[in-house]
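So you can see what is in the structure, the chains are spelled out below.
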Amino acid sequence: MCPQAAGRARARARAAPLGALGPHNVCRLLGRRAHGFYARDAGVAHRKNLGLLRKIMCQESTKFKNVWTTHSASPIAYERGRIYMDNYQCCISSIAQAPRILYQKSKCSKSEKIEDALLLECPLGEMLPSPSDYKSSLIVLTVQNWLLRLSADSGEVLEKVYLAGSCCKSFRYLSWDTPQEVMVVKTIQHKLPAAARQAGIQQSTLFYLAVFQVLPLSFIGMLEINKKIFGNSVTDVAVSNGILIVMYSMGLVRLYNFKAILEQFMEQPFDLGQEFNWNGQVGVVGKYPFGLPCNIKITDTPPLLFEASSLENAFQIGGYPWHYIITPNKKKHKGVFHICSLKDNTLAKNGIQDMKCCSLEPDWIYFHPDMSGRIIHVGPNLIKVLKLKEVKNHTDQMEIAEDFTIVANRENCVNNTVTVTASGRVVKKRFNLLDDDPEQETFKIVDYEDELDLLSTVAVTQIGADGRAHLDFHCNEHGILLKSIPLREPWDVTYSHEVYFDKDLVLHIEQKPNRRFSCYVYQMVCDTAKDD
């Protein structure tokens, strides 16, 4: 080979992709992708754009302006850039410079009232049967037990399923088992009227659960939660991440393998639209008046995966390795959290978290939604982000360590128990201020914006007759304050509030007494002399 050809070969080898030089190393590939080495990767441009948006948004010159305010006598909901009003009959896009109506349907009757809703988004990389499946849609549950899939942009009914056959009449709740994949529809708890109980009539059914695969919408099965199998003191049930969670009045929480229950107790599978003859009934699955068959009959207690006793059934699983958080099941322990290993129930080192708050509203704790395995503990004036790490020289034991803290601004707050008047008289206070006293800055909401990797907090201070709130953005990795946005409207701490931070949008929904609702929309704007 001539020297010139050898030089060109070496240059090609240096420029060759990583995979062409040898076996793929997953960690190295992911690292190079994160740094933008593969410019043709579909996600690179999106990640760069979000990084730019985060930098622009956190600049000092960038402001958030209140561009729209509305009031309503019915609840207001927000989902991914859409504001829903009038029981989902009106949909408003919040993405444009000024919110605009996407669709406005005529007022529905009480029999068509929507009880619950979930936003359904198209999965990536899958072939779907209908072009409409590739656009966002809204799954809604009506008071008359109809499950409808509506176009998120037009409100058009794309699919409809009738749920309630002869067995059940009161489906009210929608939830995800696996987000955007498996959906669960749940009834209210079945209770006999007092007259029926006095007459000695017995009813063993507590709840019904109907399970669906989404996009395309398909029926998996329906099952009942029965007193004879699960006991008399069941107060609620839920399905999440393949786990059936059963809660009891005494604070007990039991976990069962939901997939194993489906496999073991499924009597016969059914498809939507299929004709069936079931227990003497002939009809079509999902059509009126037959609805759905209860084709999963639990005849014996399923194998128990795990159980724990916790105050008010508060129970969470997360972290790595798996841990769970509970509060000991006694009222005196309210506000005390135990972090234990799911493997052997051992308490982690420093695993008892207690802020010792003296406040009207309790502190709260949960696993960080960024999937880092960290834990967020929120008190009136302090947010602690905790992490699990191995105990030195004991690799089989974990300890809870502080990653960072965010402290409320209470520099100007003085709470002296003894004061001296101008005449020299000493006055002693008989009480101390609460940790969440309205006159002190207090944390009310903590959330995580996953696309911008920002931790957002809402803190409120009572100034005169009105409360004032500000939304702060913190670096999710280190907790550093990057931006603070004042909310212009008064904040009454006795009202119910929701604040959504969605990329360049901030939305505040407030519920006042007598079912009065208000919505305030803020959008990111560049501060200029003209605007000033």
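The rules behind these values
Residues numbered from 1 in each chain as written. Predicted model: local features only at pLDDT ≥ 70, side-chain atom pairs only at ≥ 80, totals over all residues. Heavy atoms only, no water. Helix = DSSP H or I, 4+ residues; strand = E, 2+ residues; numbered from the N terminus. Buried < 20%, exposed > 50% of the residue type's maximum accessible area, 1.4 Å probe, protein only. Contact = heavy atoms within 4.5 Å. Areas by Shrake-Rupley, 256 points an atom, 1.4 Å probe, with all protein chains shown as cover. Arc of directions from axis to C-beta. Polar contact = N/O pair within 3.5 Å; in protein donor to acceptor, adjacent residues only side chain to side chain. Phe/Tyr/Trp six-rings, centres within 6.5 Å; stacked < 30°, edge-to-face > 60°. pLDDT = per-residue confidence, 0-100. Core = buried A, V, L, I, M, F, W, Y, C linked by side-chain atoms within 4.5 Å.

### Re the overall build of the protein chain
Phase 1 of the analysis: Helix and strand counts for the protein chain come out as six helices and 36 strands.
Phase 2 of the analysis: Scored against the burial criterion, the 532 residues of the protein chain give a buried share of 43%.
Phase 3 of the analysis: Put simply, 46% of the contacts in the protein chain that link residues at least 6 apart link residues at least 24 apart.
Phase 4 of the analysis: Working note: accessible area of the protein chain is about 29700 Å², and carbon and sulfur atoms make up 52% of it.

### Quick word on helix H6 (residues 258-265)
Phase 1 of the analysis: When we look at burial in H6, the residues that qualify are Phe258, Ile261, Leu262 and Phe265. Each buried residue of H6 lies within a common arc of 100° when the element is viewed along its axis, so the set occupies one face. The exposed set on the far side of H6, more than 90 degrees from its buried face, consists of Lys259 and Glu263.
Phase 2 of the analysis: Among the structural elements, strand S10 (171-178), strand S12 (205-213), strand S13 (218-226), strand S14 (234-240), strand S15 (243-248) and strand S16 (252-257) are those in contact with the buried residues of H6.
Phase 3 of the analysis: Two to three positions downstream of the cap, the backbone nitrogen of Lys259 sits 3.0 Å from a side-chain oxygen, assigning the N-cap of H6 to Asn257.

### Section: the packing of aromatic side chains
Aromatic ring pairs are described here by two measures, namely the spacing of the ring centres and the angle between the planes.
Phase 1 of the analysis: Within the structure shown, the criterion is met by 14 aromatic pairs.
Phase 2 of the analysis: Aromatic pair Phe64 and Phe473: ring centres 6.2 Å apart, planes at 75°, arrangement edge-to-face. On the criterion of sequence distance, the pair formed by Phe64 in strand S1 (residues 62-72) and Phe473 in strand S32 (residues 466-475) is long-range, its members being 409 residues apart. Comparing Phe64 with Phe473, the two get one shared label, buried.

### Side note on the confidence of the model for the protein chain
Phase 1 of the analysis: Residues at a pLDDT of 70 or more form 86% of the protein chain, whose mean pLDDT is 86.
Phase 2 of the analysis: Note on residues 6-22: pLDDT under 50 across the span, and eight contacts to partners over four residues away in sequence or across chains.

### What about the nonpolar core?
Nonpolar side chains tend toward joint burial in soluble globular proteins.
Phase 1 of the analysis: Ranked by size, the top nonpolar core spans 27 residues in total, and within it Leu147, Leu163, Met183, Val185, Phe212 and Leu292 carry the most contacts.
Phase 2 of the analysis: Secondary-structure elements contributing two or more residues to this core are strand S6 (114-120), strand S7 (137-142), S10, strand S11 (182-187), S12, S13 and strand S17 (275-278).
Phase 3 of the analysis: Counting residues in each nonpolar core, the second largest holds 24 residues, with Phe207, Ile225, Val234 and Ile261 among its members.

### As for the side chain of Arg82
Phase 1 of the analysis: Tracing the backbone through its elements, the reader meets Arg82 in strand S3 (residues 82-85).
Phase 2 of the analysis: Within the structure, Arg82 has its side chain in polar contact with the side chain of Asp153 (distance 3.1 Å).
Phase 3 of the analysis: Excluding its chain neighbours within four sequence positions, the residues that come into contact with Arg82 are Ala77, Cys91, Ile92, Ser94, Leu102, Leu119, Ser136, Ala152 and Asp153.

### Some points on unusual backbone geometry
Phase 1 of the analysis: Here Leu215 and Pro216 are connected by a cis peptide whose omega angle stands at -5°.
Phase 2 of the analysis: Following the sequence through the fold, Pro216 ends up in the loop between S12 and S13.
Phase 3 of the analysis: A cis geometry characterises the amide bond from Tyr320 onward to Pro321, with omega recorded as -5°.
Phase 4 of the analysis: One can find Pro321 in the loop between strand S20 (315-318) and strand S21 (323-326).
Phase 5 of the analysis: Phi at Arg515 takes a positive value of approximately 55°, unusual for a residue other than glycine.
Phase 6 of the analysis: Here Arg515 is to be found in the loop between strand S35 (505-512) and strand S36 (516-526).
Phase 7 of the analysis: Overall, Arg515 belongs to the partly exposed group, its relative accessible area being 48%.

### Some thoughts on the environment of Leu255
Phase 1 of the analysis: By secondary structure assignment, the location of Leu255 is in strand S16.
Phase 2 of the analysis: Setting aside residues up to four positions removed in sequence, Leu255 forms contacts with Ile243, Leu244, Ile245, Leu304, Leu305, Phe306, Phe315 and Ile317.

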